[in-house]
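Examination of the molecular architecture
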Amino acid sequence: VNYVTKDPTATLEGQVNTRVGTYDDYNVGGWASGPLGDTLGFLVSANWNQYGGPWHNNLQENQATVQPQLPFLTEP
């Protein structure tokens, strides 16, 4: 995992993104960034997502409970 932060911008900037799709698929997100004085800045972001379409769990009961056998994790 590589987590890279973004520095605040020197001028007030922002962006809003939206998506609407089939099966009640909605997404709204955006960010805003800018200065707070000479030495401090801000960057905020938010996202909202909704999906009302078909999600089917095709696993049978106890099908996802298989324990992997890892040789370095076995007890002596």
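Up top is the structure.
For clarity, every value in this text was computed on a predicted model and none was experimentally measured. (Residues numbered from 1 in each chain as written. Predicted model: local features only at pLDDT ≥ 70, side-chain atom pairs only at ≥ 80, totals over all residues. Heavy atoms only, no water.)

1. So, the environment of tryptophan 31
- Mapping tryptophan 31 onto the fold places it in strand β2 (residues 25-35).
- Overall, tryptophan 31 belongs to the partly exposed group, its relative accessible area being 23%.
- Setting aside residues no more than four positions away along its own chain, tryptophan 31 makes contact with Lys6, Glu13, Gly14, Gln15, Leu43, Val44 and Ser45.
- Side chain to side chain, tryptophan 31 and glutamine 15 meet in a polar contact 2.9 Å long. (Helix = DSSP H or I, 4+ residues; strand = E, 2+ residues; numbered from the N terminus. Buried < 20%, exposed > 50% of the residue type's maximum accessible area, 1.4 Å probe, protein only. Contact = heavy atoms within 4.5 Å. Polar contact = N/O pair within 3.5 Å; in protein donor to acceptor, adjacent residues only side chain to side chain.)

2. Description of the side chain of aspartate 25
- For aspartate 25, the position within the fold is in strand β2.
- Setting aside chain neighbours within four positions, we find aspartate 25 in contact with Arg19, Val20, Asn49, Gln50 and Tyr51.

3. Structural notes on a nonpolar patch on the surface
- A cluster of nonpolar side chains, namely Val16, Val20, Tyr26, Val28 and Trp48, defines an oily patch on the protein surface of about 510 Å² accessible area.
- Along the polypeptide, valine 16 turns up in strand β1 (residues 13-21). (Patch = residues over 30% accessible without salt bridge, like charges linked within 9 Å, V, L, I, M, F, W, Y side chains within 5 Å. Areas by Shrake-Rupley, 256 points an atom, 1.4 Å probe, with all protein chains shown as cover. Salt bridge = Lys/Arg side-chain N within 4 Å of Asp/Glu carboxyl O.)

4. Points about the pairing of β2
- Sheet analysis places β1 next to β2, joined by nine bridges and oriented antiparallel. Residue pairing for β2: glycine 14 is matched across the bridge by alanine 32.
- Between β1 and β2, which pair antiparallel and follow one another directly, the connecting turn spans three residues, one of which, tyrosine 23, has a positive phi of 60°.
- Here β2 runs beside strand β3 (residues 41-51); their pairing, made up of 11 bridges, is antiparallel. Considered in β3, the bridge of tyrosine 26 is made with glutamine 50.
- Counting the residues in the hairpin turn of β2 and β3 gives five residues, including glycine 37, whose phi is positive at 95°. (Pairing = 2+ DSSP bridges.)

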